[in-house]
Amino acid sequence: MVHTENSPEAAALLDIQPVIVGGDIGAYSLARAFHEAYGVKSIVVSAKLGWQIARSAIIDNVLCEDPMDPEVLASSLTAIAEKIRRARPDAHAIVLGSADATVKSIIRVRDELGAMDPTWIVPYVGLEAFEAGTEKNNFTRLCEKLGVDHPETVIVDLAAGVPESFDLPFTYPVIAKPADVSAWKRTSFVGKSKVHTVANEQDLHALFAKIHGAGYRKSIIVQDLIPGDDQNMRILTAYCDRDSRIRFASWGRTLLEEHTPGAIGNPAAIVSGVNREAVAQAQKIVTELGWTGYANFDLKYDPRTGRTVFFELNPRLGRSNYYITAAGHNPVSYYVNEHVLDGLGEPGEIVQDQPETLYTVVPVALVKHYTRDPESRAILERVLKAKRVKNPLNYRGVEKDPKRWFYYYAALVNYVKKFRTHYKPDYADVQASGEK
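Computed from a prediction, not measured in an experiment: that's the story for all the values here. (Residues numbered from 1 in each chain as written. Predicted model: local features only at pLDDT ≥ 70, side-chain atom pairs only at ≥ 80, totals over all residues. Heavy atoms only, no water.)

1. Observations concerning the overall build of the protein chain
Within the protein chain, the regular secondary structure consists of 14 helices and 15 strands. Judged by the C-alpha coordinates and their principal axes, the protein chain covers about 60 × 50 × 45 Å. A burial count over the protein chain gives 56% of its 436 residues as buried. Considering only residue pairs separated by 6 or more positions, the protein chain has 72% of its internal contacts joining residues 24 or more positions apart. By element, 51% of the accessible surface of the protein chain is carried by carbon and sulfur atoms, the whole surface being about 18200 Å². Here the protein chain contributes 51 positive and 54 negative side-chain charges, whose respective centroids are spaced 7 Å apart. (Helix = DSSP H or I, 4+ residues; strand = E, 2+ residues; numbered from the N terminus. Buried < 20%, exposed > 50% of the residue type's maximum accessible area, 1.4 Å probe, protein only. Contact = heavy atoms within 4.5 Å. Areas by Shrake-Rupley, 256 points an atom, 1.4 Å probe, with all protein chains shown as cover. Lys, Arg positive; Asp, Glu negative; His and termini not counted. Charge placed at Lys NZ, Arg CZ, Asp CG, Glu CD.)

2. Remarks on the pattern of salt bridges
Applying the stated criterion to the full structure yields 25 salt bridges. Two residues, Glu356 and Arg382, come together in a salt bridge whose shortest N-O distance is 2.8 Å. Of the two residues, Glu356 sits in the loop between helix 11 (332-339) and strand 14 (358-360) while Arg382 sits in helix 13 (residues 374-386), which places them 26 residues apart along the sequence. A relative accessible area of 29% places Glu356 in the partly exposed class. Since its relative accessible area comes to 45%, Arg382 is described here as partly exposed. Salt bridges sharing partners connect three or more residues here, namely Asp241, Asp243, Arg245 and Arg247. (Salt bridge = Lys/Arg side-chain N within 4 Å of Asp/Glu carboxyl O.)

3. A closer look at the UniProt feature "domain: ATP-grasp" (unreviewed entry) in the protein chain
Following the UniProt record, the feature "domain: ATP-grasp" (unreviewed entry) maps to residues 140-340 here. Helix makes up 26% of residues 140-340 and strand 32%. Its end C-alpha atoms lie 35 Å apart. (UniProt positions renumbered as here; feature names shortened; annotations may be inferred.)

4. Notes on empty space enclosed by the protein
Using a probe with the size of a water molecule, rolled over the atoms, empty space left in the structure can be pinpointed. Applying the stated rule across the entire model yields 2 cavities of 30 Å³ or more. The space that makes up the largest cavity amounts to roughly 70 Å³. Lining the largest cavity are Asp100, Lys104, Phe130, Thr134, Glu135, Ala179, Asp180, Val181 and Ser182. Elements represented by at least two residues in the lining of the largest cavity include exactly helix 4 (100-111), helix 5 (127-134) and helix 7 (181-185). Residue classes in the lining of the largest cavity are distributed as 3 nonpolar, 2 polar and 4 charged. Put simply, the second largest cavity is a space of about 40 Å³. Every residue along the wall of the second largest cavity is listed here: Glu258, His259, Thr260, Tyr415, Lys418 and Phe419. (1 Å grid on protein atoms, 1.4 Å probe; cavity = no way out; pocket = protein on both sides within 12 Å on 5 of 7 lines; lining within 4 Å. Points joined across faces, edges and corners; volume = space filled by probe spheres on them. Nonpolar A, V, L, I, M, F, W, Y, C, P; charged D, E, K, R; others polar.)

5. A word on the nonpolar core
Ranked by internal contacts, the top residues of the largest apolar core, which has 108 residues, are Trp120, Ile285 and Phe297. At 9 residues, the largest contribution of residues to this core is made by helix 2 (residues 25-38). Excluding its chain neighbours within four sequence positions, the residues that come into contact with Trp120 are Val19, Leu77, Ile80, Ala81, Ile84, Arg85, Ala93 and Val95. Ranked by size, the runner-up nonpolar core spans 20 residues in total, among them Val154, Ala176, Ala179 and Ile211. (Core = buried A, V, L, I, M, F, W, Y, C linked by side-chain atoms within 4.5 Å.)

Given below as C-alpha cells:
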C-alpha cells in the first residue's frame, strides 16, 4: 500500500523528524508541508533567526554559525542526532536543505566527512552528480548533448584572469551569471546580483574585472537574453525515484519575480499548471545524470521561437516549493513514501495534473498590477475568481504569535516599497507569451 499526502494512516504510524538546513521562505514552506501532511514540527538549522522561522508553532530553531561549511554543519547535526535518539530512538529523521549551498554542505557531511547519523534519510545524489547537474557550465553542456532546449551560451573561465575580448555568437544585451552558486555566495562586491544584464562588451569586461577582483575564480555563464519579462519565466519541479524515473512533476507559470539585487529571479508569484513536453525533456536530463529525489528547473518561454528553454537545475525543492503544496500535491510525501513507507509502487503515468492555483509571497494587488501580458492576466483572473490563492507564510489557525503576524503584514507592505524602488518594467515591450 502506498500512502498519499495527508494520509491519516501515515500520520498515525510514523514518527518523522524533519531537519531543514536554511532559514528562508523555502525552509518555512518545507516545515509547513511536513506539518500539513504529518502534523510534526521541524528542526530548522540556520545561521540567523529570521522572522520567517522565528516564533513559529511548527519550527524548533537551532542556530549554526555557518551551515554552508560542512565541518561546522556536521557539529550541529551530530548534536541534533544525539538529542533525537535520546528522546525518540525510533524516529525517522529526514535531512533537507533549502538552498543549493546547504544541500551541497549536507552531501559533503554525508559523503566526505562521514559525519551524518547513518540512520538518517538524506535523499540527495552524490557530489559528482550534484556538480554535473547544478554547475551551470556542466548543465549547458548536458543540454547540448541531449538536445534539450536551452539559451545560446558562452562559458568564460575566470581562473586564469579576465579575457581581453569576448567572441559571442549572439548580440548584446546579454545575461551574465555565476556557474558555481556556492562560490558566488561567498563572493562580495558593490553591485553584486544573482544575475547581471550587460549592455555591451565594455560593460561585460568591467563586470568580469570586478568579479575577479572580489576573488571569484570559477566560470561565468554568458547567455543570450531571452525577450520578455517575469511573465515568460517558468518553473518545473520533478520527483525522481531510485531509478531516475520521474514519478511526479509540478509545472508553474511565473507571474512575478523579486527584483531586489540579492533576491532577483526568485519567483514571488506562480500559477500552477501542466506542461508534458517540458517534463519529457526533463526526463532526458535526470536519466543522464542518474538523478534521484527532487530536481527543480528554471525555464523561460522564448517568443522568438515558441520554445520554452531550460536555464538550470536546482538539486532540491526550491525556495518557492509551496506552489506545489498549494495546488494539492504535498511534495514531502514522496520522500516519506519512498524512504519510510511502502515505496512509490510500480511506475505508471507521471502524476502531473493539478488545478490552477496562485502561489504568492507578495500582496495580490501587486501581482495584478504587474501582470500585463494578456494570456497571463486571463489566467490570473480565472484563478482569483476561483479563490485559489495561497501564501506559505499565512498559516491561519496554526501560527498564533501576534508578533509573528505583525512581521508578516509588515513584510507585505515592504514588498510594495521594494517593487516601487527596484522594478519599473517597460510595458510597451511586454509580449503575449502564446505558449503552446
